[in-house]
Amino acid sequence: MTKSQRPPYSVRQIGLAGLGAMALAMVSLPTISTAETISGLTPAKIQPSADHLKPGLAVQYYGAQFNHITELIQWMDYKDGWSGDPIPMLNYQVGAGNVLTTSSNDMVGADITGLINFERSGSYTIMVQSNDGVRLNIGGKMIYEDPDVHGDRFSDEITLEISEPGWYPVRVLYFEKKNTSTLELYWDPPGPQEIDYVPAEAFGHIRK
Ligand SMILES: [Ca+2]
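Residues numbered from 1 in each chain as written. Predicted model: local features only at pLDDT ≥ 70, side-chain atom pairs only at ≥ 80, totals over all residues. Heavy atoms only, no water.

Caption draft 1: Region of interest: the overall build of the chain. Per the secondary structure count, the chain includes three helices and 15 strands. Taking all 208 residues of the chain together, the buried fraction comes to 40%. In the chain, the share of contacts with a sequence separation of at least 24, taken over all contacts with a separation of at least 6, comes to 76%. Accessible surface computed for the chain: about 11,700 Å², of which carbon and sulfur atoms make up 53%. (Helix = DSSP H or I, 4+ residues; strand = E, 2+ residues; numbered from the N terminus. Buried < 20%, exposed > 50% of the residue type's maximum accessible area, 1.4 Å probe, protein only. Contact = heavy atoms within 4.5 Å. Areas by Shrake-Rupley, 256 points an atom, 1.4 Å probe, with all protein chains shown as cover.)

So this is what it looks like as structure tokens:
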């Protein structure tokens, strides 16, 4: 650290009690960290017409115990999953209840695929809450991952710079190991809306 980069105070000036108070103040504030900005997302090559689009996201399920998203990916390489009922929107915070559209409450892996509609260009702030592991890809970019076993946990705010309106490919890899499960995707689109779940009408998939 050079002299010019030194913070304008020292531990000795604040005192350890002061540092403790600062830490407490940080804990009690909402966890809004410096937003990461991601641009260069690629829309779907062929924009689907409304009559080709089925509601919600398609999902392939895998019944096994995973501890990390990479374990799910390896498992998917040599095991066939089964097609589940489409996922209307990502608003699952179900406690110990069934995971997504399965009738299982534990040991579920999910490969969720489809399209998400960014109706306007501009900045979309998104947030993910997960329990357990998740990896989110949109428009060919990895947007977020929290890949291991954990209780309900939010991402930071992530800003997507969308330069071209339209449908973008989305893929969510997710697993629930045991106990409670959560998978939520929120956004704050450009314009007057506030942050809320990405609505069902913004998701679609092409039937395979
Ligand atoms: Ca869990």
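Caption draft 2: Quick look at the packing of aromatic side chains. Enumeration according to the criterion identifies ten aromatic pairs in this entry. Measuring from ring centre to ring centre gives 5.9 Å for Phe-66 and Trp-75, while their planes differ by 80°; the resulting arrangement is edge-to-face. Where Phe-118 meets Trp-187, the ring centres are 5.8 Å apart and the plane angle is 40°; that geometry is what we call tilted. A residue pair is termed long-range when its members are at least 10 positions apart, and Phe-118 in strand E6 (residues 108–118) and Trp-187 in strand E13 (residues 182–188) qualify at 69 residues. On the accessibility criterion, Trp-187 (8% relative accessible area) is buried. Three or more aromatic residues joined by ring pairs make a cluster, and in this case those are Phe-66, Trp-75, Tyr-78 and Phe-175. (Phe/Tyr/Trp six-rings, centres within 6.5 Å; stacked < 30°, edge-to-face > 60°.)

Caption draft 3: Main features of the nonpolar core. Within the largest apolar cluster, 37 residues are counted, with the highest numbers of intra-cluster contacts made by Leu-100, Ile-116, Leu-136, Ile-138, Ile-143 and Leu-160. Of all the elements in the fold, those that place two or more residues in this core are strand E3 (58–62), E6, strand E7 (122–131), strand E8 (134–138), strand E9 (141–146), strand E11 (158–162), strand E12 (166–176) and E13. The leading source of residues in this core is E6, at five residues. Once you skip the residues sitting within four places of it in the chain, Ile-138 turns out to touch Leu-41, Ile-116, Phe-118, Ile-143, Leu-160, Tyr-168, Pro-169 and Val-170. The next biggest cluster of nonpolar side chains, apart from the first, holds eight residues, and it includes Phe-66, Leu-72, Met-76 and Leu-173. (Core = buried A, V, L, I, M, F, W, Y, C linked by side-chain atoms within 4.5 Å.)

Taken by themselves, the reported measurements are silent on function.
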